[in-house]
Amino acid sequence: MSDIANPALSGKGRLRIEWAENHMPVLREIRARFTKEKPLKGMTVGACLHVTTETANLMIALRDGGAKVVLCASNPLSTQDDVAAALVEEGIDTYAIKGEDNDTYYKHLNAVLDAHPVITMDDGADLVSVLHSQREAQLAEVLAGTEETTTGVIRLRQMAAEGVLKFPIVAVNDTPTKHLFDNRWGTGQSTLDGITRATNILWASKTVVICGFGYGGRGLSSRARGLGAQVIVTEVDAVKALEATMEGFRVMPIADAARVGDVFITVTGDRDILRREHFELMKDGAILANTGHFDVEIDKPALKALAKSTREVREHVAEYVLDDDRRVYLLADGRLVNLAAAEGHPAVVMDMSFADQALSAEWVAKNHATLSKRVYDVPDEIDREVAKLKLATLGIEIDTLTPEQERYLSSWREGT
Ligand SMILES: NC(=O)c1ccc[n+]([C@@H]2O[C@H](COP(=O)([O-])OP(=O)(O)OC[C@H]3O[C@@H](n4cnc5c(N)ncnc54)[C@H](O)[C@@H]3O)[C@@H](O)[C@H]2O)c1
């Protein structure tokens, strides 16, 4: 069973999945080993991830590892319909249609849970959240889960702190080979790509306001500067604000930045970053985009309430005309712009994130009996293995410590 937009798109999807596979050498190696060893034999994996070419390669690797895999979208706008069609042809039950409404989104999520997964794989913790709030009877069947993104990990840590989390989760997001690369360089490049595809703006000379200087914000700021933009950063964390300042970015409150920005990008994982009082200050033609996980960073209801008219002026670009005739443009309805208006992260960076996912799934399949109901870090050996494999596929060699260096670094006795 599946629910997708158009099975006839499978040929195009297949070619695009193959293209991504060419740029995912680490996952390819893991898939080859999984095919031989079948570490997930007999297990059902329920995945709620952005349905992209890279995710398709992860699903295929898990299937080849012996799992029955069922997939739904982790965002109503991020599904690539051709990829969904190709996955169905691969025998992977897929429930995802680009632009699906909220009811369908949750219907699809429940369809994945109807398959009774013993391992969950989330991007934003929606599967885990529905299981805990609406399908408690099923909780005991689940051995463990994994989580892909910052926002999901925050929700799950909160559940663990409140003592309500009913199975162990591995926080894939928090491992260095994931967030140092995917969140930073992946989000940096693909977000600007999404905005460029939606608007065709020239970045050089634009004043770009980046809200949040975490991993995503760091990548975005440096990439926007590289394209010639003047970058302003807004933050609530003093250390991050200081770091942004030392990196050469202007740092100021959003109330000041609102007056001067040409493009605003939110990437905080927090809500109401751009609000009514900010829209009221913005220049005519200001462009607003979000690349944080949920569509709560830009206060859409407030923008709608302020507007005397709205219209779709290009694909993914909604024009809001305010009372004094200023126009504000909201991209992708405030949802992850890199996935809605472009293709998400390049495959070469998802290679590491999804290698972490595949190896974490294998790790929980092996170790679930000894794990407790909390959020675990990805074991260090997995992170190192992924980094080593990645370097090898890039043809990069590194030095190893000499025995003297090892001794020196593990001793406190030697000084000046
Ligand atoms: N678009 C994508 O493909 C993609 C990729 C990775 C992560 N994400 C999502 O992006 C969001 C950010 O992820 P991250 O890894 O950069 O998180 P992070 O925790 O490293 O950074 C978030 C930053 O936002 C700041 N912040 C919080 N509230 C703020 C406010 N009111 N004003 C200004 N700054 C504020 C925090 O201090 C922090 O520095 C999350 O929702 C995450 O799930 C999206």
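One can find the structure itself at the top, above this paragraph.
Residues numbered from 1 in each chain as written. Predicted model: local features only at pLDDT ≥ 70, side-chain atom pairs only at ≥ 80, totals over all residues. Heavy atoms only, no water.

Draft legend 1. How the structure looks around the overall build of the chain. Summing up its helical and strand segments, the chain has 17 helices and 16 strands in all. Compactness check: the chain gives a C-alpha radius of gyration of 22 Å against a globular reference of 22 Å for 416 residues, within 12% of the reference. A total of 416 residues make up the chain; the buried ones form 55% of that total. Relative to all contacts within the chain whose residues are 6 or more apart in sequence, the contacts with residues 24 or more apart total 71%. With an accessible surface of roughly 18,500 Å², the chain has 52% of that area assigned to carbon and sulfur atoms. Counting 47 positive and 62 negative side-chain charges, the chain places the averaged centre of each group 1 Å from the other. (Helix = DSSP H or I, 4+ residues; strand = E, 2+ residues; numbered from the N terminus. Rg over C-alpha atoms; globule rule 2.2 N^0.38 Å. Buried < 20%, exposed > 50% of the residue type's maximum accessible area, 1.4 Å probe, protein only. Contact = heavy atoms within 4.5 Å. Areas by Shrake-Rupley, 256 points an atom, 1.4 Å probe, with all protein chains shown as cover. Lys, Arg positive; Asp, Glu negative; His and termini not counted. Charge placed at Lys NZ, Arg CZ, Asp CG, Glu CD.)

Draft legend 2. Here's a closer look at the pattern of salt bridges. Tallying each qualifying case throughout the model produces 34 salt bridges. As a salt-bridge pair, Asp 126 and Arg 155 come within 2.9 Å of each other at their nearest N and O atoms. Of the two residues, Asp 126 is situated in helix α6 (residues 126-134) and Arg 155 in helix α7 (residues 150-161); the sequence distance between them amounts to 29 residues. In this structure Asp 126 comes out as buried when scored by relative accessible area, which is 6%. As a salt-bridge pair, Glu 247 and Arg 225 come within 3.9 Å of each other at their nearest N and O atoms. (Salt bridge = Lys/Arg side-chain N within 4 Å of Asp/Glu carboxyl O.)

Draft legend 3. Highlighting the packing of α6 against α7. Running from N to C, α6 and α7 point in directions that differ by 30 degrees, and their axes come no closer than 10 Å. Taking contact as the criterion, the partners of Asp 126, Val 128, Ser 129 and His 132 in α6 are, on α7, Arg 155, Leu 156 and Met 159. A class-by-class count of the residues in the contact of α6 with α7 yields three nonpolar, two polar and two charged. (Axes fitted to C-alpha atoms, helices over the stretch in contact; angles between N-to-C directions. Nonpolar A, V, L, I, M, F, W, Y, C, P; charged D, E, K, R; others polar.)

Draft legend 4. Molecular detail of the site of the ligand. In the neighbourhood of the ligand, 26 residues make up the surrounding shell, with Thr 149, Thr 150, Thr 151, Gly 216 and Glu 235 lying closest. Interatomic distance of 2.5 Å between a side-chain N/O atom of Thr 151 and an oxygen atom of the ligand. Here an oxygen atom of the ligand and a backbone polar atom of Tyr 215 are 3.1 Å apart. At the level of secondary structure, the elements contributing two or more residues to the shell around the ligand comprise α7, α8 (176-199) and α9 (215-226). Across the shell around the ligand, the residue classes tally to six nonpolar, 16 polar and four charged. (Near = heavy atom within 4 Å. Polar contact = N/O pair within 3.5 Å; in protein donor to acceptor, adjacent residues only side chain to side chain.)

Draft legend 5. Region of interest: the nonpolar core. With 54 residues, the main nonpolar core has Leu 40, Leu 58, Met 59, Leu 62, Leu 87 and Met 121 as its most contacted residues. Tallying contributions element by element places helix α15 (residues 347-367) first for this core, with eleven residues. Not counting residues within four places of it along the chain, the set of residues in contact with Met 121 comprises Val 45, Gly 46, Ala 47, Cys 48, Leu 49, Leu 58, Met 59, Leu 62, Leu 127, Thr 146, Gln 357 and Ala 361. Residues Leu 77, Ile 195, Val 231 and Val 263 belong to the second largest nonpolar core, which totals 28 residues. (Core = buried A, V, L, I, M, F, W, Y, C linked by side-chain atoms within 4.5 Å.)

Draft legend 6. Quick peek at the environment of Arg 384. Following the sequence through the fold, Arg 384 ends up in helix α16 (residues 380-393). Arg 384 sits in the exposed class, given a relative accessible area of 53%. Along the chain, Arg 384 and Thr 177 lie 207 residues apart, while their C-alpha atoms are 8.2 Å from each other.

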